[in-house]
Amino acid sequence: MNIFNHFSSGASRSIKSWRWILVIWSVTLFLVSMLALSMRSGINGIFGKSMITEKLVSGFNLDAVVNSGAGLQIIVSSFRTGFFLVVLFGLLINVFFNGGLFSVLAKSDSGSANAGFFEGAASNFWSFLIIGILVTLMIALAGFLLVGLPVMIRINSVSGGSSAVMKTGFVIMSLLLPVFLLVADNARAWQASDLKRNAFRAIGQGFKNTFGHFFSSWLLMLIMLIVQSAYTLLVLKIAGVYKPVSSGGIFVMFVLIQVLFLIRIWLRTWRYGTVTSMFGSHNSAPPIQYN
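Model, not experiment: these values are computed from the prediction. (Residues numbered from 1 in each chain as written. Predicted model: local features only at pLDDT ≥ 70, side-chain atom pairs only at ≥ 80, totals over all residues. Heavy atoms only, no water.)

**Some thoughts on helix α6 (residues 117-156)**
In plain terms, the rule: Only DSSP runs of H or I with at least four residues qualify as helices, and only runs of E with at least two residues qualify as strands; both kinds are numbered from the N terminus onward. Expected helix span is computed as 1.5 Å times (number of residues minus one). To obtain the bend at a residue, axes are fitted to the seven residues ending there and to the seven starting there, and the angle between these axes is taken.
Taking 1.5 Å of rise per residue, the 40 residues of α6 would be expected to cover 58 Å, yet its terminal C-alpha atoms sit only 51 Å apart, more than 12% below that figure. The largest bend along α6 measures about 55° and falls at Phe 125.

**Observations concerning helix α9 (residues 214-241)**
Stated formally: Exposed residues in this analysis have more than 50% of their type's maximum accessible area, buried residues have under 20%, and partly exposed residues fall in between, with area computed by a 1.4 Å probe over protein chains only. Any two residues having at least one pair of non-hydrogen atoms within 4.5 Å are treated as being in contact.
When the terminal C-alpha atoms of α9 are compared, their 40 Å separation across 28 residues agrees well with the 40 Å that a helix rising 1.5 Å per residue should span. Along α9, the positions that sit buried rather than exposed are Ser 217, Trp 218, Leu 220, Met 221, Met 224, Leu 225, Gln 228 and Tyr 231. Residues of α9 that are buried make contact with α1 (3-16), α7 (163-192), α8 (199-212) and α10 (247-282).

**Let's talk about the packing of α7 against α8**
The test is simple: A fitted line through C-alpha atoms represents every axis, and for helices the fit uses only the stretch in contact; the resulting angles, taken between N-to-C directions, go from 0 to 180 degrees. Angles are sorted into four bins: roughly parallel if under 35 degrees, roughly antiparallel if over 145, roughly perpendicular if 65 to 115, and oblique for all others. Working rule for handedness: look at the near helix, and if it is turned counterclockwise from the far one by less than a right angle, call the crossing left-handed; if clockwise, right-handed. For this classification, the nonpolar set comprises Ala, Val, Leu, Ile, Met, Phe, Trp, Tyr, Cys and Pro, the charged set comprises Asp, Glu, Lys and Arg, and every other residue, Gly included, is treated as polar.
Where α7 meets α8, the closest approach of the two axes is 7 Å, and the angle between their N-to-C directions is 120°. The pairing of α7 with α8 is recorded here as oblique in orientation. Judged by the sense of rotation from one axis to the other, the crossing of α7 with α8 is right-handed. In this structure, α7 uses Val 179, Leu 182, Val 183, Asn 186, Ala 187, Trp 190 and Gln 191 to contact α8, whose residues at the interface are Ala 199, Arg 201, Ala 202, Ile 203, Gln 205, Gly 206, Phe 207, Asn 209, Thr 210 and Phe 211. For the contact of α7 with α8, the per-class residue count stands at 10 nonpolar, 6 polar and 1 charged.

**Quick notes on the confidence of the model for the chain**
Rules: Per residue, pLDDT captures the predictor's confidence, and it can take any value from 0 to 100.
Per-residue confidence for the chain gives a mean pLDDT of 81, with 77% of residues at or over 70. Per-residue pLDDT, averaged within each element of the chain, yields its smallest value for helix α3 (residues 51-58) (50) and its largest for α8 (93). In the predicted structure, residues 285-291 sits below a pLDDT of 50 and forms 16 contacts with residues beyond four places in sequence or in another chain.

**Some remarks on the nonpolar core**
What tends to happen in soluble globular proteins is that the nonpolar side chains get buried as a cluster. Threshold: Put simply, buried Ala, Val, Leu, Ile, Met, Phe, Trp, Tyr and Cys residues joined by side-chain atoms within 4.5 Å make one nonpolar core.
Counting 30 residues, the largest nonpolar core has Leu 101, Phe 102, Phe 117, Ile 131 and Val 135 as the members making the most contacts within it. For this core, the secondary structure elements donating two or more residues are α2 (18-47), α5 (71-107), α6, α7, α8 and α10. The element contributing the most residues to this core is α6, with 8 residues. Beyond its immediate chain neighbours, meaning those up to four positions away, Val 135 contacts Phe 180, Ala 184 and Ile 203. Formed by 17 residues, the second largest nonpolar core is a distinct cluster that contains Val 179, Trp 218, Leu 220 and Met 278.

**Some words on the pattern of salt bridges**
Quick note on the threshold: Salt bridge criterion: a side-chain nitrogen from Lys or Arg within 4 Å of a carboxyl oxygen from Asp or Glu.
As enumerated under the stated definition, the model contains 2 salt bridges in all. Taking the shortest distance from any N to any O, the salt bridge between Arg 188 and Asp 185 comes out at 2.7 Å. One end of the pair is Arg 188 and the other is Asp 185, both in helix α7 and 3 residues apart, which spans about a single turn. Exposure class is identical for Arg 188 and Asp 185. Each is buried. The residue Arg 271 makes a salt bridge to Asp 185 at a minimum N-O spacing of 2.9 Å.

**A word on the side chain of Arg 268**
Quick reminder of the rule: Only four residue types enter the charge count, namely Lys and Arg as positive and Asp and Glu as negative; His and the chain termini do not.
Mapped onto the elements, Arg 268 comes out in helix α10. The side chain of Arg 268 is buried and forms no salt bridge, while Asp 185, the nearest opposite charge, is found at 8.9 Å. Those residues in contact with Arg 268 that sit more than four places away from it in its chain are Ile 24, Asn 94, Asn 98 and Gln 228.

**A word on the packing of aromatic side chains**
Centre-to-centre distance and the angle between the planes together describe a pair of aromatic rings. As a reminder of what qualifies: Aromatic contacts are taken between Phe, Tyr and Trp rings whose centres are within 6.5 Å, Trp giving its six-membered ring; a plane angle under 30 degrees counts as stacked, one over 60 as edge-to-face, and the others as tilted.
Per the counting criterion, the structure on display carries 14 aromatic pairs. Ring centres of Phe 7 and Trp 270 lie 6.2 Å apart, and the angle between their planes is 65°; this geometry places the pair in the edge-to-face category. A residue pair is termed long-range when its members are at least 10 positions apart, and Phe 7 in helix α1 and Trp 270 in helix α10 qualify at 263 residues. Each member of the pair, Phe 7 as well as Trp 270, is classed as buried. One aromatic cluster in this structure is built from Trp 20, Phe 96, Phe 97, Phe 117 and Phe 118.

Structure, rendered in structure tokens:
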């Protein structure tokens, strides 16, 4: 099976998992709404019904906040804990949902894409968490050595350092990023298809499957990352152009953001489904059957 067949299979698997994409979107929206409501309540508590509130409704006014008497520091300290908790819970929930997604994506070719999502999410949680932490540390270390260190040397160097070294580091890191993501996704795909929960063995299998079929796997992931990056740039461009000035415009903007976010979740699920399809073609292990 060539990579285009895997793209097609991944798209089909992700479409069959539309219910769980909606679940992920709903939970994420709930978490963000909690933070937004907390911020709104805090601002109202600080400013009350003064004219400053009207200024904030028409747009964020930094001078109004700094000169309010309460000051920017109070606002930041008020929401720092809440923001940290929302981000932390968001990351943990993302790991949980990834476990469910890989479970249903691995079985979607058999017509049972909606079975065992939460069971797979729960059973894969700790393994997926460890896999995510290990791969993130690998990416961070490679990024520091290839990008961060040359930048620091250039900043602290009297001569300014060599820009060629920095550019080379950026290029190498860009080429290595698909490899790290392939290791992570192949590790998750292996873990979702195996009853034994062993994150370190899963990482080993991730490296094995990645380098066992390196060029086709790397090209597949590179294309997926280009698609996701192009979509992100498109979203940023839309957000920069569209500036609502009325309540109706704000509502349209809210709906548009939710649609764009749903597409982003689907693109990520498509990537998982594509890697799962390639993993399945290289490994003939039967899918897990959930009761």
